[in-house]
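Here is how the chains run, residue by residue.
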Amino acid sequence: MSPAAKTRIAILISGRGSNMASVMAAAQAPDYPAEIALVLSNRPEAGGLAHAAAAGIETRAVDHKRFRDRASFDAALQAELDAAGIELVVLAGFMRIFSAPFVEAWTGRMINIHPSLLPLFRGVHTHEQALRAGVRLHGCTVHFVVPELDAGPIIAQAAVPVLPGDDPDSLAARILVQEHRIYPAALALVASGHARLDGDRVVFADDVRVPEGSLHSL
Ligand code: GRF
């Protein structure tokens, strides 16, 4: 029997791309259900682009500064995604907000990782927000993307303790370790059809096992 076809994904980045690299590492496994068909950045100088290109992955820069408005930038992105036959869009530190029509065109087929336990601390500076709020647990969330920022249905989360003496950098570093763990895993669930969007909820296949008694959902 031939192996199941892999889902063709594009990873969209704006910076160093450490989450992208965690997906690249996971995708080395022969049975990983997704293949990275494209890495795309809105910033031509993004460090992650060079890293992906060095690994032989197709890369594109679509510089948002060259476009007069959000709609024309989104149209250029869409053209790249169409040309590469992309089935699932994976946002990994992509620092542009999309127009609603673009997001709606990818409903259930675009995921993001956000460095907080949503619905707490949307937007930027999440670690500062968490320290200011005095929470004792903080973490990261993988979610489907909807037009409202950082508001989409949740696929996976991991929590870390906030320790006495933490500053935004120490907290970010502790959470990044968990991001690199849950993003490839959550992406695999979506790419294989074991997690899917159903209205405003995420539905999991019966055989998805979630460990009990840990701080982590995956
Ligand atoms: C990560 O913290 C991610 O959660 C957020 O942006 C950061 C990107 O880091 N959305 P990297 O480029 O993946 O290293």
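Here goes a summary of the coordinates provided. Residue numbers run consecutively from 1 along every chain, following the written order of its sequence. Totals for whole chains, interfaces and linings use every residue, but because this is a predicted model, local features are given only for residues with pLDDT of at least 70 and side-chain atom pairs only at 80 or more, for both listing and counting. Note that water and hydrogens are dropped before the side-chain values are worked out from all heavy atoms of the structure.

Of the regular secondary structure elements, the chain holds 6 helices and 9 strands. As defined in this context, the radius of gyration uses C-alpha atoms, and a globule is described by 2.2 Å times the residue total to the power 0.38. For the chain, whose C-alpha radius of gyration is 17 Å, the value lies close to the compact-globule estimate of 17 Å for 218 residues. Viewed in the frame of its principal axes, the chain has a C-alpha envelope of about 50 × 50 × 35 Å. Exposure classes here rest on a 1.4 Å probe applied to the protein chains alone. A residue is buried below 20% of its type maximum, exposed above 50%, and partly exposed in between. A buried classification covers 45% of the 218 residues belonging to the chain. Whether two residues are in contact is decided by their heavy atoms, any of which lying within 4.5 Å being enough. Relative to all contacts within the chain whose residues are 6 or more apart in sequence, the contacts with residues 24 or more apart total 62%. For the chain, the accessible area works out to roughly 10800 Å², and carbon and sulfur atoms hold 55% of it. Charge counting treats Lys and Arg as positive and Asp and Glu as negative, with His and both chain ends excluded. Just so you know, the charge point we use is NZ for Lys, CZ for Arg, CG for Asp and CD for Glu. Both charge centroids of the chain, one from 19 positive and one from 23 negative side chains, sit 3 Å from each other. Numbered from the N terminus, helices here are DSSP runs of H or I no shorter than four residues, and strands are runs of E no shorter than two. The method behind every accessible area is Shrake-Rupley, applied with a 1.4 Å probe, and residues are considered shielded solely by the protein chains displayed.

Moving on to the site of the ligand. Any residue with at least one heavy atom within 4 Å of a molecule or strand is counted as near it. If you check the shell around the ligand, you find R16, G17, S18, N19, G93, I113, P115 and E179 and nothing else. Contact between the ligand and G17: an oxygen atom at 2.9 Å from a main-chain N or O atom of the residue. Any pair of N or O atoms that falls within 3.5 Å is considered a polar contact. Within protein, one atom must be able to donate a hydrogen and the other to accept it, and sequence-neighbouring residues count only if both atoms are side-chain atoms. Between N19 and the ligand, the recorded distance is 2.8 Å, taken from a backbone N or O atom to an oxygen atom. For the ligand, whose unbound accessible area comes to 360 Å², protein coverage reaches 84%. In this classification, the charged set is Asp, Glu, Lys and Arg, the nonpolar set is Ala, Val, Leu, Ile, Met, Phe, Trp, Tyr, Cys and Pro, and all remaining amino acids, among them Gly, are polar. The residue makeup of the shell around the ligand, split by class, is 2 nonpolar, 4 polar and 2 charged.

Let us now look at the environment of P115. Position of P115 among the secondary structure elements: in the loop between strand 5 (110-114) and helix 5 (126-133). The spacing of P115 and R132 is 17 residues in sequence and 15 Å in space, taken between C-alpha atoms.

Let us now look at the sheet that holds strand 3 (residues 59-61). Reading across the sheet, the 7 strands line up as 3-2-1-4-5-6-7 and stay open at both edges, with mixed pairing between neighbours. In this open sheet, the two strands that pair with only one neighbour each are strand 3 and strand 7 (154-161). The average undirected angle you get between the axes of adjacent strands in this sheet is 20°. Strand direction decides the pairing type here: strand 4 (residues 88-91) and strand 5, joined by 3 bridges, are parallel. When the sheet's bridge partners are listed, V89 is paired in strand 5 with M110. In the packing of helix 1 (residues 18-26) onto the sheet, the strands contacted are strand 1 (7-13), strand 2 (34-41) and strand 5, and the crossing angle to strand 1 comes to about 160°. Strands qualify as paired when DSSP identifies two bridges or more between them. A fitted line through C-alpha atoms represents every axis, and for helices the fit uses only the stretch in contact; the resulting angles, taken between N-to-C directions, go from 0 to 180 degrees.

The analysis is restricted to geometry; functional conclusions fall outside its scope.
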